[in-house]
Amino acid sequence: MKLSTLQKFILKSTASNRGKTRRATFLRYYERREKTVKPADRPGIVTRSIERLIDKGLMVGFGRRTPEKWFIDDVTLTIAGRRAVRKLVGKQQELPLGLRRKKVNK
């Protein structure tokens, strides 16, 4: 299953909190980023990532429902989400080297 770097950050930070995690904590992801995203766009991007993780069955969201939409306040991991975090933590980080070059034998 492919996950974005934001989704990986959300899963790891939720796993470290043990229990419900406030969605405002996920905005810290943008503090360490080189590319800046407009501050007005950040909550929407985080919301979409959380909703996609919920659709994949890795998280459960808690919040309020209006006639038009849901407002997610807290999230927690499912059992499948905990397994995915264990795989992420155990996997060695890959370097962004692009394509590997073939060695030329002379």
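Here the structure is a predicted model, which is why all the values come from computation and not from measurement.

**Student:** Which residues make up the nonpolar core, and what are the values?
**Tutor:** A general feature of soluble globular proteins is that nonpolar side chains tend to end up buried together. Ile-10, Leu-11, Ile-50, Leu-53, Leu-58 and Met-59 are the most contacted members of the largest nonpolar core, which has 19 residues in total. Of all the elements in the fold, those that place two or more residues in this core are helix 1 (5–17), helix 2 (42–55), strand 3 (70–77) and helix 3 (79–90). At four residues, the largest contribution of residues to this core is made by helix 1. When near neighbours in sequence (up to four residues on either side) are disregarded, Leu-58 contacts Met-1, Leu-3, Leu-11, Leu-53, Thr-76, Leu-77, Thr-78, Ala-80, Gly-81 and Ala-84.

**Student:** Just give me the short version of the packing of helix 1 against helix 2, but keep the residues and values in it.
**Tutor:** The interhelical angle for the contact between helix 1 and helix 2, taken along N-to-C directions, is 70 degrees, at an axis separation of 10 Å. In terms of orientation, helix 1 lies roughly perpendicular with respect to helix 2. Touching Leu-6, Gln-7, Ile-10 and Leu-11 of helix 1 are Ile-45, Val-46, Ser-49, Ile-50, Arg-52 and Leu-53, all from helix 2. Counted by class, the contact of helix 1 with helix 2 contains seven nonpolar, two polar and one charged residues.

**Student:** Now, about the side chain of Asp-74: what can you tell me, with residues and values included?
**Tutor:** Within the secondary structure, Asp-74 is located in strand 3. Note on Asp-74: relative accessible area 14%, which makes it buried. Within the structure, Asp-74 has its side chain in polar contact with the side chain of Arg-22 (distance 2.9 Å). If sequence neighbours within four positions are ignored, Asp-74 has contacts with Lys-20, Thr-21, Arg-22, Val-60, Gly-61 and Phe-62.

Definitions and limits used
Residues numbered from 1 in each chain as written. Predicted model: local features only at pLDDT ≥ 70, side-chain atom pairs only at ≥ 80, totals over all residues. Heavy atoms only, no water. Core = buried A, V, L, I, M, F, W, Y, C linked by side-chain atoms within 4.5 Å. Buried < 20%, exposed > 50% of the residue type's maximum accessible area, 1.4 Å probe, protein only. Helix = DSSP H or I, 4+ residues; strand = E, 2+ residues; numbered from the N terminus. Contact = heavy atoms within 4.5 Å. Axes fitted to C-alpha atoms, helices over the stretch in contact; angles between N-to-C directions. Parallel < 35°, antiparallel > 145°, perpendicular 65-115°, else oblique. Nonpolar A, V, L, I, M, F, W, Y, C, P; charged D, E, K, R; others polar. Polar contact = N/O pair within 3.5 Å; in protein donor to acceptor, adjacent residues only side chain to side chain.

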